[in-house]
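Single-letter residue listing:
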Amino acid sequence: MPFIADRLSVIKPSPTIAVTQKAAELKAAGRDVIGLGAGEPDFDTPDNIKAAAKAAIDKGLTKYGPPAGTLDLRQAISAKFKRENGLDYTPDQITVGVGGKGVIFNAFMATINPGDEVIVPAPYWVSYPDIALMFGGVPVFVPCPEDKGFKLQPADLDKAITPKTKWLVLNSPSNPTGAAYTEAELRALCDVLLKHPHVWVMSDDMYEHLVYDGFKFTTPAQVEPKLYDRTLTMNGVSKAYAMTGWRVGYAAGPLAIIKAINMIQSQSVTHTSSISQAASVEALNGTQDFIPKNAEVFKRRRDLIVGLLNQCPGITCRTPEGAFYVYPSCAGVIGKTTPEGKVINSDSDFATYLLESEGVAVVQGAAFGLEPYFRISYATSDAALTKAGERIKRFCESLK
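Treat the numbers as computed from the prediction; the structure is a model and nothing was measured. (Residues numbered from 1 in each chain as written. Predicted model: local features only at pLDDT ≥ 70, side-chain atom pairs only at ≥ 80, totals over all residues. Heavy atoms only, no water.)

Which residues make up the packing of helix H2 (residues 47-58) against helix H10 (residues 274-285), and what values go with them?
Geometry of a packed helix pair, given as the angle between the helix axes and the separation of the axes. Between H2 and H10, the least distance of the axes is 8 Å, while the angle of their chain directions is 140°. In terms of their interaxial angle, H2 and H10 are classed as oblique. Crossing of H2 against H10: the hand is right-handed. In this structure, H2 contributes Asn48, Ile49, Ala52, Ala53, Ala56 and Ile57 to the contact, and H10 contributes Ile275, Ala278, Ala279, Glu282 and Ala283. (Axes fitted to C-alpha atoms, helices over the stretch in contact; angles between N-to-C directions. Helix = DSSP H or I, 4+ residues; strand = E, 2+ residues; numbered from the N terminus. Parallel < 35°, antiparallel > 145°, perpendicular 65-115°, else oblique. Left-handed = near helix turned anticlockwise from the far one by under 90°. Contact = heavy atoms within 4.5 Å.)

I'd like a description of the nonpolar core, backed by residues and values.
Ranked by internal contacts, the top residues of the largest apolar core, which has 77 residues, are Phe108, Met202, Leu232, Leu309, Phe350 and Ile376. Examining the composition of this core, we find that six residues originate from one element, helix H13 (residues 382-398), more than from any other. Counting residues domain by domain, this core receives three or more from each of domain 1 (6-44 + 290-398) and domain 2 (63-285). If we skip the residues at most four places from it in the chain, Met202 touches Ile104, Ala107, Phe108, Trp167, Leu168, Val169, Leu170, Leu232 and Met234. If you look at the next biggest cluster of nonpolar residues, it comprises 28 residues, including Phe81, Trp246, Tyr250 and Leu284. (Core = buried A, V, L, I, M, F, W, Y, C linked by side-chain atoms within 4.5 Å. Buried < 20%, exposed > 50% of the residue type's maximum accessible area, 1.4 Å probe, protein only. Domains from an automatic or database assignment.)

Any details on helix H11 (residues 290-309)? Residues and values, ideally.
Over its 20 residues, H11 extends 29 Å from the first C-alpha to the last, a length consistent with the 28 Å expected when each residue adds 1.5 Å. If you follow the buried residues of H11, they end up packed against H2, strand E9 (325-326), strand E12 (374-377) and H13. (Expected span 1.5 Å × (residues − 1).)

Talk me through the state of the cysteines; I want residue IDs and the actual numbers.
Among covalent bonds in proteins, the disulfide is the one between the sulfur atoms of two cysteines. For the structure shown, the criterion picks out zero disulfides. The thiol of Cys312 is unpaired, and the distance to the nearest cysteine sulfur, on Cys396, comes to 5.0 Å. (Disulfide = S-S within 2.5 Å.)

And the structure:
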């Protein structure tokens, strides 16, 4: 009798975390490595948020709290949804999880039965399909090619829906591509969903505040109120507030699913850190002045890395609408040979040989379900991006 559960055979460790760890190991061994795999801001958490956490410790807010999250935080989240998205959710309709990933994990555990299908537009964040698989779900991948802006098309969504479809996962702006859906594009997808009342929408809005060039962010329940009763709108403080390590995600939706998620959380992690929650109250209720300033820095970095990549022979890179990722194509180097005689047969080969040759760590497109591409996180310094761009160009120029 195997000791390890069979369900683990259908999933794999996170490729993005693996690349980041590999880069760290090489650095520790003395290699000059530029890591472009981590999906987190390089900014420090703002001082007012850190001060709120320290004050919470001094006040003794270090005890157990409700599995749903503290009332103060759920009230702050409710106010955020009303203020920024025009959505009305009571605190009872809100759950606070251990990061956005924890919210997704709990939501899928609460709703997926073996054989239920989850539509995942590709490229996708690496954890969506694996979490669905863990609970017996069947990921249904819908390719979203670059010539469509890496975005799901209404006709393709309609074709992918079956009687077994339970969820559609939408992530805008997207990890890994940075693509973001306009209000009109969401409207067209919502029109398809209205024809299929058994399909729920998981809207992952984690990069909501990181949009550029005047892009207007909207979310499905805001665009189509008729979907309100079958939409889980999720977000968190990780990206916009530079709080990845604080582990606070949240979601709002119909009371039944929120209750189910909270019941699961009560029997697993109980709740996320009380100190992190106190800090998150300040994040949502306090000054937001730093968010557009940080977004301007990210925009500058986006433009820098896109320009550098498009100078590399065999590489082309689209300018994304948001987040802090680019998803360049390496189709032009497939089939070429490195100076050491190694043939690049895939984007995985490209990423491997780039790391070996030039010490630049990127994540292969195969990890995100659309090849031949690779993902770069530009949440790092201009100097590091410039050096990385020079190294990638040198690597590409060395290929024959």
